[in-house]
Amino acid sequence: MVVAAPVALTVMAGAVLAVVGVLTQEKPDSTDAARHGAAPSRHVSLQDALAATPMPTADPDDALPGPVSRQAAGVIELPRTKADGPADVPTGFPRTPEGALAQLAAIDVTAMQTGSMDGVRRVIAEWAALGGPTQETWSGVAGMASLLSAAGLPGAGSPQLAIVVRPVMGLIKGTVGPDFAVVCVNLEFTVTVEQTSRIAIADCQRMAWAGERWVIGAGPEPAPAPSVWPGTDTAVATGWRELRHV
């Protein structure tokens, strides 16, 4: 499987898992999310400490397809929604940690399945709070740029490129009050560029409640979670739980 996996996937995994530095660039005031700050300032230090706490590590090869575990992983039940939000991202998830995790999964899936720089930029422009990731700094933007570059494709993508993203496992790292949570999703990527390959890529984000919906919150992106093929012994051992929609 290591030989079969294209270079593009390897580069993309590294880009998505990199810890992004402190984000200082503000978003345009025209976006709905920019009009809402993150959680109250009295919780800022707690939020930063939670986000920066290191996560378990795994070998890079663990992100490639591996044997299914006989162990039973824990389960996180995610709410469903039929509402469409900005940039075609599903919205309407409840003000709960599970709702925050469901919203992050929806953001990641929508952004990465666009297969283009414009697509990921359009998503993060609508789904980050003031002081959060921008169209230049978001790890999803860096990941898409690395994927397209490694595949020899332009920023607009290509009809030859197909990306299917499925959120399979997740975890709730912690919360600070009812309006802030750090959540992580373990995504199964199926990428086709002349041939098809699969890899797991994890994403952790600060999620802040912004009036009517969850958005990616202000501050540096959290310490990365291990990218591990879902359902393996390693995935269970590192704390990933199966996602089920209810």
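This text goes with the structure placed above it.
Reading guide: rules and limits
Residues numbered from 1 in each chain as written. Predicted model: local features only at pLDDT ≥ 70, side-chain atom pairs only at ≥ 80, totals over all residues. Heavy atoms only, no water. Buried < 20%, exposed > 50% of the residue type's maximum accessible area, 1.4 Å probe, protein only. Helix = DSSP H or I, 4+ residues; strand = E, 2+ residues; numbered from the N terminus. Pairing = 2+ DSSP bridges. Expected span 1.5 Å × (residues − 1). Contact = heavy atoms within 4.5 Å. Core = buried A, V, L, I, M, F, W, Y, C linked by side-chain atoms within 4.5 Å. Axes fitted to C-alpha atoms, helices over the stretch in contact; angles between N-to-C directions. Disulfide = S-S within 2.5 Å.

Q: Could you give an account of the pairing of strand β1 (residues 75-78), with specific residues and numbers?
A: Burial along β1 is one-sided: I76 and L78 are buried, and none of V75 and E77, which face the opposite way, are. Relative to strand β8 (residues 241-245), β1 is paired through 4 bridges, and the arrangement is parallel. Its bridge partner lying in β8, L78 is registered against H245.

Q: Tell me what's going on with helix α5 (residues 139-150), and back it up with residues and numbers.
A: Between its terminal C-alpha atoms α5 stretches 16 Å, which fits the 16 Å expected from 12 residues at 1.5 Å a residue. Every buried residue belonging to α5 is among S139, G140, V141, G143, M144, S146, L147 and L148, and all of these are buried. At the exit of α5 stands G152, carrying a positive phi of roughly 70°.

Q: Please provide a residue-by-residue account of the environment of R80, values included.
A: Tracing the sequence through the fold places R80 in the loop between β1 and β2 (83-84). Accessibility expressed as a relative area gives 59% for R80, which makes it exposed. R80 sits 13 residues away from F93 along the chain, and the two C-alpha atoms are 7.3 Å apart. R80 has contacts with F93, H245 and V246, leaving out every residue within four places of it along the chain.

Q: So what's going on with the nonpolar core? Which residues, and what values?
A: Formed by 48 residues in total, the largest nonpolar core has its most connected members in I107, W138, M144, I163, F189 and M207. Counting residues per element, the ones that place at least two in this core are β1, α3 (97-113), α4 (117-127), α5, β4 (161-175), β5 (180-193), β6 (195-209) and β7 (214-216). A total of 10 residues in this core trace back to one element, the largest contributor, which is α3.

Q: Could you give an account of the sheet that holds β5, naming the residues involved and the relevant values?
A: Hydrogen bonds along the backbone pair up the strands of a sheet, which may run parallel or antiparallel. With mixed pairing, the 6 strands of this open sheet are ordered in space as β1-β8-β4-β5-β6-β7. Where the open sheet ends on each side, the last strands, each with one partner, are β1 and β7. The sheet shows a mean angle of 40° between the axes of neighbouring strands, direction not considered. Where β4 lies against β5, 13 bridges are found, and the strand directions are antiparallel. Of the residues in β5, the one forming a bridge with G174 is V182.

Q: An account of the state of the cysteines is requested, with residue identities and associated values reported.
A: Tallied over the full model, the rule gives 1 disulfide. Covalently, C184 is tied to C204 through a disulfide, its sulfur atoms 2.0 Å apart. Given an S-S torsion of about 105°, the disulfide between C184 and C204 has right-handed geometry. With C184 in strand β5 and C204 in strand β6, this pair connects stretches of sequence that are 20 residues apart.

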